[in-house]
Amino acid sequence: MNFDDITIDQLRSSGNLKWAGSPDSIGMFVAEMDLGLAEPIRRVLRQYADSPGIGYRSASAKRDLQEATAGWLAKNTAWAPRPEQVRAVPDVVSSARVVLDQLTTPGSPAILPTPAYMGFTSLIPAMGREMIEVPCVLEGGRYRLDLDGIRAGFERGAQALMLVNPANPTGRVYTREELRELSEVVAEFPDAIVFSDDIHAPLVLEGEHIPYASVSEVAASHTVTAVAASKGWSIPGLKCAQLVISNPDHVRRLEPYLGWADSITSTVGAAAAVAAYTEGEAWRAALLDYLRGNRDLFAAAVAGWPGVWAPHIEGTYIGWLDFTDALEAGALADRGGSVGGKQIAEWLAEHTGVVLTPGAACGKGYEAFARIILATPRPILEDALGRMTAALEG
């Protein structure tokens, strides 16, 4: 399909959260795509729409999802888990909550490298746990994990590390060596676990996705990995994700939840995920090419914004904007009103109608940052970037 053919009026009529604001705004704050659906997924939806009813998943349908997930990972990443290690769940964040509850001591802290996905920055405090934020280190324009900071977090009593790979919002795709070094730190603490959120794995724009659990048997033994077709094929509303669990003891301790989660995973969502994993590669290849073009358009625009910087996006469709220098220089003070005490995302929404995620939602110390979603038709992206250019360049 031609991704450019999707109009902003169609998006606003969808009723999705991202487009439910004012008729003049451009929603770029929810990590979902505005680029349509792959034909195999449309076929699944039509099949269910024409069926006499949508019932519970059969044993064979459950096996299909396990095999499709394991098969896709084996073909497209550096990991080949067995189908029986794959378990269906409705979504990642609710599963992360249960994993923390069941595999760590109640009330123990959890480590979160930042900037981080907002679902995790809100989840950990909501569970009544201390969130040990470990800011990533910026080296040569790339964010890397602070291994010393992560070690210090475990030494303070943390028993869990929340890892997002590819990283949201920085766009990093971690290398095997980086993940191996991380696994050695985690292995120093016998009670430690890693919850690895790999749902952006289908959206690697450069290089190869290396699942953390694949770097060694030790890493696999202390990891629960979350994957899904939701990001790569734009079906988050169908509520189907998968946990991959290698450690039998983890399975035993999680079993009460896993059985319940399997029973409430969407029948239609699971069938759509199977279609994505087994028949959706041609559409995904076209999508990745399109996203690379959007990324490059974004980078060219940012290069012209005084005092604004963004890291190169290696994976995902997410941009991470740093306005620190622009704010420190007072560059926005006379551009339609001072930023003052507002976060830059709020200022941009008021002055451009482009709605981004405030950086502070991704961790402490990121008030001068904002997260932007680039998976939208190019004419809409060009409009949004044009509005931001007018506001930022004066």
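None of these values were measured; they are calculated from a predicted model. (Residues numbered from 1 in each chain as written. Predicted model: local features only at pLDDT ≥ 70, side-chain atom pairs only at ≥ 80, totals over all residues. Heavy atoms only, no water.)

### Quick notes on the overall build of the protein
Okay, step 1: A count of helical and extended segments in the protein gives 14 helices and 14 strands.
Okay, step 2: For 394 residues, the compact-globule formula gives about 21 Å, and the C-alpha radius of gyration of the protein, at 21 Å, lands near that figure.
Okay, step 3: C-alpha extents for the protein along the principal axes are approximately 60 × 55 × 35 Å.
Okay, step 4: Counting the 394 residues in the protein, one finds 55% classified as buried.
Okay, step 5: Intrachain contacts of the protein at a sequence separation of at least 6 include 73% that bridge at least 24 residues.
Okay, step 6: Accessible surface, the protein: about 15500 Å² in total, of which carbon and sulfur atoms supply 52%.
Okay, step 7: In the protein, the 33 positive side-chain charges and the 48 negative ones have mean positions that sit 5 Å from each other. (Helix = DSSP H or I, 4+ residues; strand = E, 2+ residues; numbered from the N terminus. Rg over C-alpha atoms; globule rule 2.2 N^0.38 Å. Buried < 20%, exposed > 50% of the residue type's maximum accessible area, 1.4 Å probe, protein only. Contact = heavy atoms within 4.5 Å. Areas by Shrake-Rupley, 256 points an atom, 1.4 Å probe, with all protein chains shown as cover. Lys, Arg positive; Asp, Glu negative; His and termini not counted. Charge placed at Lys NZ, Arg CZ, Asp CG, Glu CD.)

### What to know about the environment of leucine 163
Okay, step 1: Along the chain, leucine 163 falls in strand S7 (residues 160-164).
Okay, step 2: Among the residues examined, leucine 163 registers a relative accessible area of 1% and is labelled buried.
Okay, step 3: Leucine 163 sits 47 residues away from isoleucine 210 along the chain, and the two C-alpha atoms are 13 Å apart.
Okay, step 4: Leucine 163 has contacts with Leu145, Tyr174, Leu179, Leu182, Val194, Phe195, Ser196, Asp197 and Tyr212, leaving out every residue within four places of it along the chain.

### A short note on helix H11 (residues 281-303)
Okay, step 1: Relative to the 33 Å expected for 23 residues at 1.5 Å per residue, H11 spans 33 Å between its end C-alpha atoms, a close match to the ideal helical length.
Okay, step 2: Those residues of H11 lying buried are Trp283, Arg284, Leu287, Leu288, Tyr290, Leu291, Asn294, Arg295, Phe298, Ala301 and Val302.
Okay, step 3: Turning to H11, the residues buried within the fold contact helix H3 (59-76), strand S11 (318-322), strand S14 (369-373) and helix H14 (378-393). (Expected span 1.5 Å × (residues − 1).)

### Regarding the domain arrangement of the protein
Okay, step 1: Looking at the assigned domains, one finds that the protein contains domain 1 (8-39 + 280-389) and domain 2 (54-279).
Okay, step 2: On a C-alpha basis, the centres of domain 1 and domain 2 stand 26 Å from each other.
Okay, step 3: Counting residues at the interface gives 34 residues for domain 1 and 38 residues for domain 2.
Okay, step 4: Across the domain 1 to domain 2 interface the summed buried area is about 3000 Å²; carbon plus sulfur atoms make up 53%.
Okay, step 5: At the junction of domain 1 and domain 2, the tally comes to three salt bridges.
Okay, step 6: A salt bridge links glutamate 314 to arginine 142; its shortest N-O distance comes to 2.9 Å.
Okay, step 7: Joining domain 1 to domain 2, the criterion identifies 25 residue pairs in polar contact (both at pLDDT 80 or more).
Okay, step 8: Looking at the side of domain 1 that touches domain 2 element by element, the count peaks at eight residues for H11.
Okay, step 9: Along the lines of polarity and charge, the residues of the side of domain 1 that touches domain 2 split into 18 nonpolar, eight polar and eight charged. (Domains from an automatic or database assignment. Buried area = accessible area lost by both parts, 1.4 Å probe. Salt bridge = Lys/Arg side-chain N within 4 Å of Asp/Glu carboxyl O. Polar contact = N/O pair within 3.5 Å; in protein donor to acceptor, adjacent residues only side chain to side chain. Nonpolar A, V, L, I, M, F, W, Y, C, P; charged D, E, K, R; others polar.)

### With respect to the pattern of salt bridges
Okay, step 1: If you walk through the whole model with that rule in mind, you get 26 salt bridges.
Okay, step 2: The partner of glutamate 314 in a salt bridge is arginine 172, and the shortest N-O contact between them spans 2.9 Å. Pair noted here: glutamate 314 is in the loop between H11 and S11 and arginine 172 is in the loop between S7 and helix H7 (176-186), with a separation of 142 residues, a long-range link. Accessibility classification places glutamate 314 together with arginine 172 in one group, the buried group.
Okay, step 3: Among the charged side chains, a salt-bridge network with shared partners connects Arg142, Arg172, Glu178 and Glu314.

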